[in-house]
Amino acid sequence: MLEIKYSDRKTKARTGILHTSHGDALTPFFMPVATKAAPRYLSPHDLKEIKVQAIIANALLLSFAPGTDVVKKAGGIHGFMNFNRPIFTDCGGFQILRQSFFRGTTEDGIKFRSPFDGRNILMTPEMIIKIQQELSSDAAMCLDYCPPYGMSKEETEDSMLKTHAWAERCKKAHTKRSQLLFGIAQGGFYRKLRIESMKFMRDMDFDGISLGGLFIGEPKRDSYSMIKSVMRYAPEDKPKYIMGLGSPEDIVKSVSMGVDFFDSIFPVENARHGTMFTWHGKLKLDSKIYRDDFSPIDSECKCFTCTHYSRAYLHHLLKTQEQLGFRLRIYHNIYFMQRLMDKTRYSIEDKTFSKFSKKIISAYAKKDPEKSTESNVSERITVIKRKEKQG
Ligand SMILES: [Zn+2]
């Protein structure tokens, strides 16, 4: 349940408190991704140290490995990974975009091939709800069909109708009252379908509404135009969540449109490749100008990395592909995202949000932002492919 605290007068930005069975999360917030109950290169303890409020794991992948029986025996996902803060679980609909283990859809659900052992399964709405209830996450997602960018209107409409039928079945199957249930509004890049889907999810009276299938490789303006069109039909009192969005400038822009939270592997993927988020925009650590620069990544940052190591050392770790470098870079970017959200909330309540968001947008406009979502998606897919090879 969302308790709205303060609404900005100039924009649609707002602050609030999301109450869950594992405590409160102040909105707007950003969730790091712990797909298989593991944040990349960080421990759940690191996330607590960084003051991460909430994370998201993938129910579909956890049902493949280790299996929900193991997580259930551990007392649920919180006990299993020893992280006692709000945990969301995603359903697997986004995996449709990963052609490597998506095998098609039927009226009844989505066919997947397990990346771990190659077995084929048909994930139905009832199954994904059962899995999420057994994982005991704080917020579960309904099964959805995430249409790829460029899909025809007829096919997109069909995918949306499947998403709606599955949402009804998910709601019926969902019995765990301590777990929030979110409907995922889809509709591709067709305004009429997007609005129809948002109205459908609103009328279903879910605990929250997720906006899926945005920022998946299309020009960003297409996603913004969809968000703008649907937000006026979104229920005011319910939390709104954009799935898979994690660049600083897109987050502040979406907050100004009334969105309450986000998740993405974007900060981690950037860090992996040496792109660091700072209060002055992106810093590309691979540049040779950092070879003998002994200042921290960001002098304003108080994270473990910035208080202990220099750009020169981190440049060296990047160039030599040392594992330690991955960890230190990711630590900084995840820490930065949390402080970005802290400052976003303060600025909304302090009536300085417009000024703050303009500062972030202009700092991040310096580097070709149009390309970032595309590389984000292709990186996600590459990551999955590589995992499959290992598995
Ligand atoms: Zn730092």
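Residues numbered from 1 in each chain as written. Predicted model: local features only at pLDDT ≥ 70, side-chain atom pairs only at ≥ 80, totals over all residues. Heavy atoms only, no water.

What follows is about the coordination of the zinc ion. Within the protein, the atoms that donate to the zinc ion are Cys301 (SG), Cys303 (SG), Cys306 (SG) and His332 (ND1), at distances of 2.1 to 2.3 Å. Each of the 4 donor atoms bound to the zinc ion contributes to angles spanning 98 to 117°, and the resulting shape is tetrahedral. One chain supplies every donor for the zinc ion, spaced along it as C-x1-C-x2-C-x25-H. Taken together, the positions of cysteine 306 in helix α11 (residues 304-308) and histidine 332 in helix α13 (residues 323-349) put the pair 26 residues apart, joining distant regions of the chain. Overall, histidine 332 belongs to the buried group, its relative accessible area being 0%. (Donors = N, O, S within 2.8 Å, 3.2 Å for Na, K, Ca; no water. Tetrahedral: all angles 85-135°; square planar, octahedral: opposite > 155°, others 65-115°. Helix = DSSP H or I, 4+ residues; strand = E, 2+ residues; numbered from the N terminus. Buried < 20%, exposed > 50% of the residue type's maximum accessible area, 1.4 Å probe, protein only.)

Before going further, it helps to spend a moment on the pattern of salt bridges. Taken as a whole, this structure holds 18 salt bridges when the rule is applied. Salt-bridge contacts for aspartate 117 lead to arginine 119; the nearest nitrogen and oxygen are separated by 2.9 Å. Relative accessible area serves as the criterion here: at 37%, arginine 119 is assigned to the partly exposed category. The salt bridge partner of aspartate 205 is lysine 238, with a shortest N-O separation of 2.5 Å. Here aspartate 205, found in the loop between α7 (191-203) and β12 (208-211), pairs with lysine 238, found in the loop between α8 (220-231) and β13 (240-243); they are 33 residues apart in sequence, far enough to count as distant. Note on lysine 238: relative accessible area 15%, which makes it buried. Sharing partners across several salt bridges, the network here consists of Arg14, Glu236 and Asp260. (Salt bridge = Lys/Arg side-chain N within 4 Å of Asp/Glu carboxyl O.)

Turning our attention to the packing of aromatic side chains. In this structure the tally under the stated criterion is 19 aromatic pairs. Taken together, a centroid distance of 5.7 Å and an interplanar angle of 65° make the contact between phenylalanine 88 and phenylalanine 182 edge-to-face. In this pair, phenylalanine 88 sits in strand β6 (residues 87-90) while phenylalanine 182 sits in strand β11 (residues 180-185), placing the two residues 94 residues apart along the sequence. Neither residue differs from the other here; phenylalanine 88 and phenylalanine 182 are each classed as buried. (Phe/Tyr/Trp six-rings, centres within 6.5 Å; stacked < 30°, edge-to-face > 60°.)

Moving on, we get to the environment of glycine 118. Following the sequence through the fold, glycine 118 ends up in the loop between β8 (109-113) and β9 (120-123). Sequence separation of glycine 118 and phenylalanine 101 is 17 residues, and the distance between their C-alpha atoms is 8.9 Å.

On to the packing of helix α9 (residues 248-256) against α13. Close contact between α9 and α13 brings their axes to 11 Å; oriented N to C, the two are set at 30°. Compared by their axis directions, α9 and α13 come out roughly parallel. The way α9 lies across α13 gives a crossing that is right-handed. Taking contact as the criterion, the partners of Pro248, Ile251, Val252 and Val255 in α9 are, on α13, Phe336, Met337, Leu340, Met341, Thr344 and Ile348. A class-by-class count of the residues in the contact of α9 with α13 yields 9 nonpolar, 1 polar and no charged. (Axes fitted to C-alpha atoms, helices over the stretch in contact; angles between N-to-C directions. Parallel < 35°, antiparallel > 145°, perpendicular 65-115°, else oblique. Left-handed = near helix turned anticlockwise from the far one by under 90°. Contact = heavy atoms within 4.5 Å. Nonpolar A, V, L, I, M, F, W, Y, C, P; charged D, E, K, R; others polar.)

Now for the sheet that holds strand β14 (residues 261-263). Pairing within the open sheet is parallel, and its 8 strands lie in the order β4-β14-β13-β12-β11-β10-β6-β5. Pairing within the sheet leaves two strands with one partner each, and these edge strands are β4 (29-31) and β5 (55-58). Going from strand to strand, the sheet's axes swing by 25° on average, the running direction of each strand aside. (Pairing = 2+ DSSP bridges.)

Along its sequence, the protein is carved into domain 1 (2-264) and domain 2 (271-370). Each of domain 1 and domain 2 has a C-alpha centre, and the two are 26 Å apart. Residue-level contacts link 36 residues of domain 1 with 29 residues of domain 2. Of the roughly 2,900 Å² buried at the junction of domain 1 and domain 2 (both faces included), carbon and sulfur atoms supply 66%. (Domains from an automatic or database assignment. Buried area = accessible area lost by both parts, 1.4 Å probe.)

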